[in-house]
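Close look at the chain arrangement
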Amino acid sequence: MSRHSPKFESREILQRTAAYFVLMLLSTITILPFVFMLLVSLDGKGEWGWAPTAPPRLIPDPPTLRFYAYVLSAFNFVRYFINSAIMTAGITLGNLVFGTLAGYAFARINFKGRDLIFAALLGTMMIPSESLVIPQYLIVQRLGWLNTYAGLIVPSMVSVFGIFLMREFIRTIPASLEEAAMIDGCNRLGVFMRIVVPLMKPALVTLAIITFVQSWNTFLWPLIVAQRESMFTLQIGLASFREQRAAEWSALMAGTAIAMLPTTVLFLSLQRYYIQGLIMGATKG
Amino acid sequence: MGSARETRIRLPAATRTFHLSEAFSGWSFILPGVVVIITFTFVPLLATFWLSLRDVSSFNFPGRWIGLQNYIDLFTWDYSWWTALRNTLIIACVHIPVGIALGLIAAILVNQPLRGRTFFRWGFLIPVSGSAVAVSMMWILVFEPSRGGFLNYALTSLGILERPIAWLGNEMTALPAVVLTMFGNFGFRMLIYLSALQGIPKELYEAAKIDGAGSWATFRYVTWPMVMPATFFILVNNLASSLREGFEQVYVLTGGGPMGATEIIPLSIYRNAFVYNQIGYASAISVIVLVLTIAITLTLGRRASRAAQNAYLD
């Protein structure tokens, strides 16, 4: 009887309304700027698209994709996109290969000094990358890697986080399969390739997503290393476009949308893989 | 000891010949990774300390030894360093508690059986999945200084503002504006809290209901203590990253201006090293960031991640 009393229902409605109100408030600092960005990027008014008139135009009229074509063709965003893709692919691939190799050795193979090396590696996870950027730059410069893909990729190609994540995962796989294979005469590399890697799919997906999102979005390192415009990544290209063409709002927002597209799609579709790695990875000891 | 002997007896003889190559395969498996990490982490780590004690620029490399002079200069007459330090602390003090609160509130709400919660859950993740540079571009649009800017128009037509404000160009509003854009990044905290909330046994809520607890009491005595490990984990991680946070936002939104109003530590590292070419001086700032971050992580980080792991990962 009391469950459906009018008093109960009105309280329920009140709570619900309050919940939606707070969700709306949270949307104003997350979803709303994103919506504005998309609307402005599609606004085909006049030659330059959206301009700040009062009241601000919300509906793209006429809607157009020409600013996407414009930044991609006239402003080299295709080039930036390719650079970002090569850098991200290189870093992600490197982390998968070297992370699983080293993770396997640290999890399974007994050799002298293993635990000491592993402890030393783990210790570096506390180091904020920003504080190493200066000597890293000097090293890359001495190697002649400024304005090269090697300079963008190699310093991030191996991460202790990746090694750690892979090691933790391999330790959850029972070792009996590998032992059986080794008794049959398989060596470590064979065991690794034929038995361990096929079992590691979920861990590989987790590491791949985390690395992909991180390296696609990275800013400081390419800002320093890619000084020549032809080596800009999307993030650098976008920042530099804004410095030159601050008033071309529709084009700027089209560039922003392009820079966000890959990671947003990937992250939103595969986020369940993300969270576990996130908790495991941060400040590990 | 006894067990080690037993294993040896049980294993067939073939494994012993393998034992020789174990060290070899172990080392060759870790070698590529270790080489990269030595070159780009261990060497730079030592080099940062070394550079911070020298008067060095890229024209004058490796410069000369000047002891602690860079650190003395930093604290005695670099006005912009004090500004950067102050702003970094202000950002941390405001952003960390508010960010934690936003993450928890968002998690609780999208965990309710509300219509459209998936939409909000996904939408709240947009700012953390897109790059900080791109997200800052959206905010530049929102903060457009004329009356036609979205924020200015909303506030002037509601009567809150009389005239439009150049949010990012005004010394009073630039730092709050930057912090506001950071508030949008509560997505990760929401995800961590969500997994924490989903781990709370339903019986606890049922028991609270039977005891006649209202929603506040339920939150205070069931939810809040149960998500404590998550809160501790998030707090420590945010503290450890507070000294390096915000570079992209400030670089894009304000460039550290106006008049140093949004100058922060990572920006001063970048600017001193790569714009003013004062490598030794910038390295001294790097060392300070390094030492403080490691101190926070060593004192709190281990416990925080262990608590979070014990509570939420099996």
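A quick note: this is a predicted structure, and the numbers were derived from the prediction, not measured.

When helices and strands are counted, chain A shows 15 helices and 0 strands. Computed over the C-alpha atoms, the radius of gyration of chain A is 25 Å, more than 25% above the 19 Å expected from 2.2 N^0.38 for a compact globule of 285 residues. By principal-axis analysis of the C-alpha atoms, chain A measures approximately 75 × 75 × 35 Å. A burial count over chain A gives 46% of its 285 residues as buried.

Moving on to the interface of chain A and chain B. Many authors give the size of an interface as the accessible area that is lost as the parts come together. Contact residues are listed per partner, giving 81 residues for chain A and 93 residues for chain B. The greatest single-element share of the side of chain A that touches chain B, amounting to 10 residues, is contributed by helix H14 (residues 249-269) of chain A.

Residues and elements named next belong to chain B. Under the domain assignment, chain B is made up of domain 1 (15-52) and domain 2 (69-312). On a C-alpha basis, the centroid separation for the pair domain 1 and domain 2 is 36 Å. Contacts between the two partners involve 4 residues from domain 1, matched on the other side by 8 residues from domain 2. Classifying every residue of the side of domain 1 that touches domain 2 by side-chain character gives 2 nonpolar, 2 polar and no charged.

This brings us to the nonpolar core. By size, the foremost hydrophobic cluster in this structure holds 157 residues, and its most contacted members are Ala 106, Met 137, Met 138, Leu 141 and Tyr 193 of chain B. No other element matches helix H4 (residues 77-108) of chain A, which puts 12 residues into this core. Leave out the neighbours within four places in its chain, and Met 137 of chain B touches Leu 238, Arg 242, Leu 252 and Thr 256 of chain A together with Val 252 of chain B.

Take the environment of Trp 81 of chain B next. Within the secondary structure, Trp 81 of chain B is located in helix H4 (residues 79-110). Sequence separation between Trp 81 of chain B and Leu 180 of chain B is 99 residues, and the spatial gap between their C-alpha atoms is 23 Å.

If you check helix H12 (residues 215-226) of chain B, its first and last C-alpha atoms are 15 Å apart, about what 12 residues at 1.5 Å a residue would give, namely 16 Å. With 1 of 12 residues buried, H12 of chain B lies mostly on the surface of the structure.

Before going further, it helps to examine the domain arrangement of chain A. Residue and element names in this part refer to chain A. The domains assigned to chain A are domain 1 (2-69) and domain 2 (76-281). The C-alpha centroid of domain 2 is placed 35 Å from the C-alpha centroid of domain 1. Facing the 11 residues of domain 1 at the interface are 9 residues of domain 2. Those elements giving two or more residues to the side of domain 1 that touches domain 2 turn out to be helix H2 (31-41) and helix H3 (66-74). The leading source of residues in the side of domain 1 that touches domain 2 is H2, at 4 residues. Here the side of domain 1 that touches domain 2 is composed, by residue class, of 8 nonpolar, 2 polar and 1 charged.

This part covers the environment of Leu 194 of chain B. With respect to the secondary-structure elements, Leu 194 of chain B resides in helix H10 (residues 187-198). Ignoring any residue separated from it by four or fewer positions in sequence, one finds Leu 194 of chain B in contact with Ala 107 and Asn 111 of chain B.

Quick look at the packing of H4 of chain A against helix H8 (residues 160-171) of chain A now. Residues and elements named next belong to chain A. Close contact between H4 and H8 brings their axes to 7 Å; oriented N to C, the two are set at 50°. It follows from the interaxial angle that H4 and H8 lie oblique. In terms of crossing hand, the pair formed by H4 and H8 is right-handed. For the pair formed by H4 and H8, the contact residues are Asn 95, Gly 99, Thr 100, Ala 102, Gly 103, Tyr 104, Phe 106, Ala 107 and Arg 108 on the first element and Gly 162, Ile 163, Met 166, Arg 167, Ile 170 and Arg 171 on the second.

All names here are of chain A. In contact at an axis separation of 10 Å, helix H13 (residues 234-244) and H14 are set at 170° when each is read in the N-to-C sense. The angle between H13 and H14 falls in the class roughly antiparallel. Facing Leu 234, Gln 235, Leu 238, Phe 241 and Arg 242 of H13, the residues of H14 in contact are Leu 252, Gly 255, Thr 256, Ile 258 and Ala 259. For the contact of H13 with H14, the per-class residue count stands at 6 nonpolar, 3 polar and 1 charged.

Cut-offs applied
Residues numbered from 1 in each chain as written. Chains lettered and ligands numbered in written order. Predicted model: local features only at pLDDT ≥ 70, side-chain atom pairs only at ≥ 80, totals over all residues. Helix = DSSP H or I, 4+ residues; strand = E, 2+ residues; numbered from the N terminus. Rg over C-alpha atoms; globule rule 2.2 N^0.38 Å. Buried ≥ 20, exposed ≤ 12 C-beta atoms within 10 Å, placed from the backbone. Contact = placed C-beta atoms within 7 Å. Domains from an automatic or database assignment. Nonpolar A, V, L, I, M, F, W, Y, C, P; charged D, E, K, R; others polar. Core = buried A, V, L, I, M, F, W, Y, C linked by C-beta atoms within 7 Å. Expected span 1.5 Å × (residues − 1). Axes fitted to C-alpha atoms, helices over the stretch in contact; angles between N-to-C directions. Parallel < 35°, antiparallel > 145°, perpendicular 65-115°, else oblique. Left-handed = near helix turned anticlockwise from the far one by under 90°.

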